[in-house]
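# Architecture and fold: a report
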2 protein chains.
Amino acid sequence: MNISSHLKGVKNHSQYSKLFICFLLGITLWVLAGTNEVPINAWRIFAVFIAVITSFILRPFPIGMMVLTGLVILIASGTITLEESLSGFADATVWLVIAAFLLAGAMINTGLGKRIALWLVLRLGKTIKGLAYAICGSEFLLATVMPSNTARGGGIHAPIVNSLAQSLGSHQSNKPDRAGIFLSLVGAHANLIAASMFMTGMAANPIVTKAVKDVYDIDFGWGTWALGAIVPGLVALLILPHLIAKLAPPTIKDGHLAQKEASRLLKEMGPISRNEKIMAVVLILLLLLWTTKFLHGFGTTTVAMIAVIVLLITKAQSWKDVITNEMAWDTLVWLGGLLTMANLLLKYGFIQWFVENVQASVGGVTGLAAILILGIIYFYSMYAFSMLTAHIAAMAGPFLAVCFTLNGQPYVAAAVFAYFSCLCGCTTNYSSGPIIIYFGLGYVTAPKWFSVGFAISIFHMFIWILVGLLWWKILGWW
Amino acid sequence: MNISSHLKGVKNHSQYSKLFICFLLGITLWVLAGTNEVPINAWRIFAVFIAVITSFILRPFPIGMMVLTGLVILIASGTITLEESLSGFADATVWLVIAAFLLAGAMINTGLGKRIALWLVLRLGKTIKGLAYAICGSEFLLATVMPSNTARGGGIHAPIVNSLAQSLGSHQSNKPDRAGIFLSLVGAHANLIAASMFMTGMAANPIVTKAVKDVYDIDFGWGTWALGAIVPGLVALLILPHLIAKLAPPTIKDGHLAQKEASRLLKEMGPISRNEKIMAVVLILLLLLWTTKFLHGFGTTTVAMIAVIVLLITKAQSWKDVITNEMAWDTLVWLGGLLTMANLLLKYGFIQWFVENVQASVGGVTGLAAILILGIIYFYSMYAFSMLTAHIAAMAGPFLAVCFTLNGQPYVAAAVFAYFSCLCGCTTNYSSGPIIIYFGLGYVTAPKWFSVGFAISIFHMFIWILVGLLWWKILGWW
């Protein structure tokens, strides 16, 4: 056996061991059905759900595949019907995310995303901090419609950050501290802040919206989500470059070589194309319609679909682009399947049982204080997870349920768990696709990443609790 | 302007003219809402449905895109809710087709489909008629699980037919009558017969199942569909090579050079791979489970999903294969959207109105005779359509509704429209993907294709009406 096939064997072996652990956990829980007061089918769904979430952490196989496997086990065992298992694939939020993935694909294909980022660098990049603001601004603008923080961070910004750092004479092995460390950290953390600010900022965000709906029966949709985040989010983005400049000071101050590089890259792109213009108009249309629902009544998903149709009919994107957008279809399966399970946990009485039990066993702290304490625990529990999606899927619902039992203000609870769900990705260097990519650029060492990450986590606590609570008070959320 | 951009301009122009025609037709119908007894929203759905079907015929843009556009118009106009518009994406039949597309992809990727076809050629191909039987047999076997007749005909068989013809010294410009004409015709017509025999034989077949359910409230699912077709279908496949040998006689009788070519191609493929073996086991498992529902109770879709999961966990296919299977996701959108519209036409009362009106205006012929007359009209109306899918989507539902009002036996009516829906593709050289591909091989001229096609249509009438009725009598369907 040669080395490569040996390695493959080891990989296979470890993959199947991990899968086995997930199955074992699921089966163990499964057989415990009936030993407690949870309705048997609700408990079985819970068993499969936990096994699936565990597979998100251990990653024996891609998450979409594990969700599908979980659903098939539930159908084949007669726990749920086929129709129930498919319901998530017709969920309006899932199709909002799919539409947003299609828009994100068009942003990359038309080149408009890249052009906006480069243009901001050209405007703001006189100094190294200006460059950092350019990245923050670009993340903010693009997060409004690009639900894949990986596409945004990894597809658009990380390559630009890399080429800017290089043009400033900062290389992985030679003077990374000149600009590379600073810019990678700004890019990564700006990505997470932007992800937290919009329901369409990250693919898994709708899971929180769904949990809020299940627990509190209130809509924490695109508009409400953005409204609650806009003030603390912008404050965080404004301070971030300064903070990181303290934590990992760039040794160069001047940014004009990076500006030159941006100008070269822009020239390489040529004049604004017809498709970019259409994309720009569609984006403006999209944001206008999203923020003026009170005038026309079109829901968020409907508006996103209209935008997709406009891009298709004007040929700014082709139908082929749509059906080959693998991230969109991957998300359909995992997000749809996960929402199905969440729905069923509610429908079959698991959530109710959970809430009643928590209600019976906790006491003392209630209201706002309870939300904040739980929020902080939720935030730092991310250290135990390998990815944001698993963390959200496993923890957001139960934590919100506990807030509910402790009489936490609904909108504040929703806000804390919605925003912390993305922000907590700051803690590690493997929490989310773009974080892995930024870390993978190779400027920042792992210890540095963790120490800066921890400092940023404290920063988030201050901003989102202090500024956040103030803003949410003004909004009348408590 | 250079020629290519001029041509592009012409193409654009004609595309938008066609789109305009569809819109105009839709709007004209739309404004007529309220001028008849049809509930206004039902009529509006009908208007959009007709515009979408027209777009299937004129083809300004891909069909999935037009279905999506139709849905968005219905949502944005407030005719239907967003939730209603998405319901088709959670339809069990749609997911059966998606699962079957994933299996079809695995059949092609693993090479098993090609190997089965070549192996049959090696076994049966001593004579030219033997080669024809090899193709018929392979189409039959693969149609059980490959729902894309295009993937089956165009992806697996047409390339083999072409290389067999060449190896027999038959080329497009030199001695096409030696073998090329004969084999292309056999391949094309065998493909349609195989498509008609299984609900999973062609992607649009479930539309008939759905219409049967709507009109008669009976299940004409995978098992029933195959049961009704197995006898007439096999008789048709047995006679087909002889008939085409009369209509377009091959001048060569000996097939052993083709056998040598098949043997060479098989050698090129190497020994049966691990993935092919897994695929073969999964196929057998699939057919066993599909035909033994009475033992275990698993539905068709559940079984197909189990098969997909087995292929994924054994790594005979990867998750990447799943999410990049563009035909599957294209089908999700167009088939899901179309079933949604069909559902809504029923729900909002259009079908009822239509049936009542037909009931009031027809008389005379009833029962079996009515089914057969309508079936024949349905069959030959294909001449007016550019593709099978459009024909089925537009005509199958209404014709079944008329059969219902004329007291046609439910299962016979279902059978006639189910099987004729695919068989009628024999009439033209552009009726379906694989037909276009076989015609595109270049052996058969258009006039020849049409004359042979017409003869085959008469052949189908005899087989499926005579043998069919006899078989359906035995089954107790009338």
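Just so it is clear, the model here is predicted, and its values are computed rather than measured.

A few words on the overall build of chain A. A count of helical and extended segments in chain A gives 23 helices and 0 strands. With respect to the principal axes defined by its C-alpha atoms, chain A has extents near 70 × 70 × 50 Å. Counting only residues that meet the buried cut, chain A has 60% of its 478 residues in that class. Long-range pairs, those at least 24 residues apart, make up 80% of the contacts in chain A with a sequence separation of at least 6. Taken as a whole, chain A presents about 17,400 Å² of accessible surface, with 68% of it coming from carbon and sulfur.

Another point: the interface of chain A and chain B. Each partner contributes residues to the interface: chain A has 41 residues there, and chain B has 41 residues. Note on chain A versus chain B: buried area summed over both sides is about 3,900 Å², and carbon and sulfur give 78% of it. Counting across the interface, chain A meets chain B through 2 salt bridges. Between E326 of chain A and K320 of chain B there is a salt bridge whose closest N-O contact spans 2.8 Å. At the boundary of chain A with chain B, the tally comes to 8 residue pairs in polar contact (both at pLDDT 80 or more). Those elements that provide at least two residues to the side of chain A that touches chain B are α1 (3-31), α3 (63-76), α4 (82-86), α5 (92-110), α15 (300-313), α16 (319-323) and α17 (326-347) of chain A. When the residues that make up the side of chain A that touches chain B are grouped by side-chain class, the tally is 26 nonpolar, 9 polar and 6 charged.

This paragraph deals with the packing of helix α7 (residues 128-143) of chain B against helix α9 (residues 180-197) of chain B. Residues and elements named next belong to chain B. The N-to-C vectors of α7 and α9 enclose an angle of 25°; their axes lie 9 Å apart at closest approach. In terms of orientation, α7 and α9 fall into the roughly parallel class. Between α7 and α9 lies a crossing of right-handed hand. Of the residues in α9, those in contact with I128, L131, A132, I135, C136, E139, F140 and A143 of α7 are F182, L183, V186, G187, A190, N191, A194 and M197. Split by residue class, the contact of α7 with α9 holds 13 nonpolar, 2 polar and 1 charged.

A side chain with one charge may pair with a side chain of the opposite charge, provided their charged atoms come close. Residue and element names in this part refer to chain B. One pass over the structure, following the stated rule, counts 18 salt bridges over all chains. The salt bridge partner of R264 is E261, with a shortest N-O separation of 3.2 Å. Taken together, the residues span about one helical turn, with R264 and E261 both in helix α12 (residues 256-269) at a distance of 3 residues. Given a relative accessible area of 14%, E261 falls into the buried group. The salt bridge partner of E268 is R264, with a shortest N-O separation of 2.9 Å. Placement of both E268 and R264 in helix α12 is noted, with a separation of 4 residues, approximately one turn of the helix. Note on E268: relative accessible area 56%, which makes it exposed.

A positive phi angle, close to 55°, is found at R59 of chain A, a residue other than glycine. With respect to the element layout, R59 of chain A can be found in the loop between α2 (40-58) and α3.

All names here are of chain A. As far as domains go, chain A holds domain 1 (1-83 + 328-348) and domain 2 (92-203 + 223-326). Each of domain 1 and domain 2 has a C-alpha centre, and the two are 34 Å apart. Taken together, the contact between domain 1 and domain 2 spans 9 residues of the former and 11 residues of the latter. For the domain 1 and domain 2 pair, buried surface summed over both sides reaches about 860 Å², with 75% attributable to carbon and sulfur atoms. Our count for the contact surface shared by domain 1 and domain 2 stands at 0 salt bridges.

The description of an aromatic ring pair rests on the distance of the ring centres and on the angle between the ring planes. Residues and elements named next belong to chain A. Across all of its chains, the model carries 58 aromatic pairs over all chains by this definition. Where Y380 meets F454, the ring centres are 6.2 Å apart and the plane angle is 45°; that geometry is what we call tilted. Here Y380, found in helix α19 (residues 367-380), pairs with F454, found in helix α23 (residues 446-474); they are 74 residues apart in sequence, far enough to count as distant. Since its relative accessible area comes to 21%, Y380 is described here as partly exposed.

Criteria and cut-off values
Residues numbered from 1 in each chain as written. Chains lettered and ligands numbered in written order. Predicted model: local features only at pLDDT ≥ 70, side-chain atom pairs only at ≥ 80, totals over all residues. Heavy atoms only, no water. Helix = DSSP H or I, 4+ residues; strand = E, 2+ residues; numbered from the N terminus. Buried < 20%, exposed > 50% of the residue type's maximum accessible area, 1.4 Å probe, protein only. Contact = heavy atoms within 4.5 Å. Areas by Shrake-Rupley, 256 points an atom, 1.4 Å probe, with all protein chains shown as cover. Buried area = accessible area lost by both parts, 1.4 Å probe. Salt bridge = Lys/Arg side-chain N within 4 Å of Asp/Glu carboxyl O. Polar contact = N/O pair within 3.5 Å; in protein donor to acceptor, adjacent residues only side chain to side chain. Nonpolar A, V, L, I, M, F, W, Y, C, P; charged D, E, K, R; others polar. Axes fitted to C-alpha atoms, helices over the stretch in contact; angles between N-to-C directions. Parallel < 35°, antiparallel > 145°, perpendicular 65-115°, else oblique. Left-handed = near helix turned anticlockwise from the far one by under 90°. Domains from an automatic or database assignment. Phe/Tyr/Trp six-rings, centres within 6.5 Å; stacked < 30°, edge-to-face > 60°.

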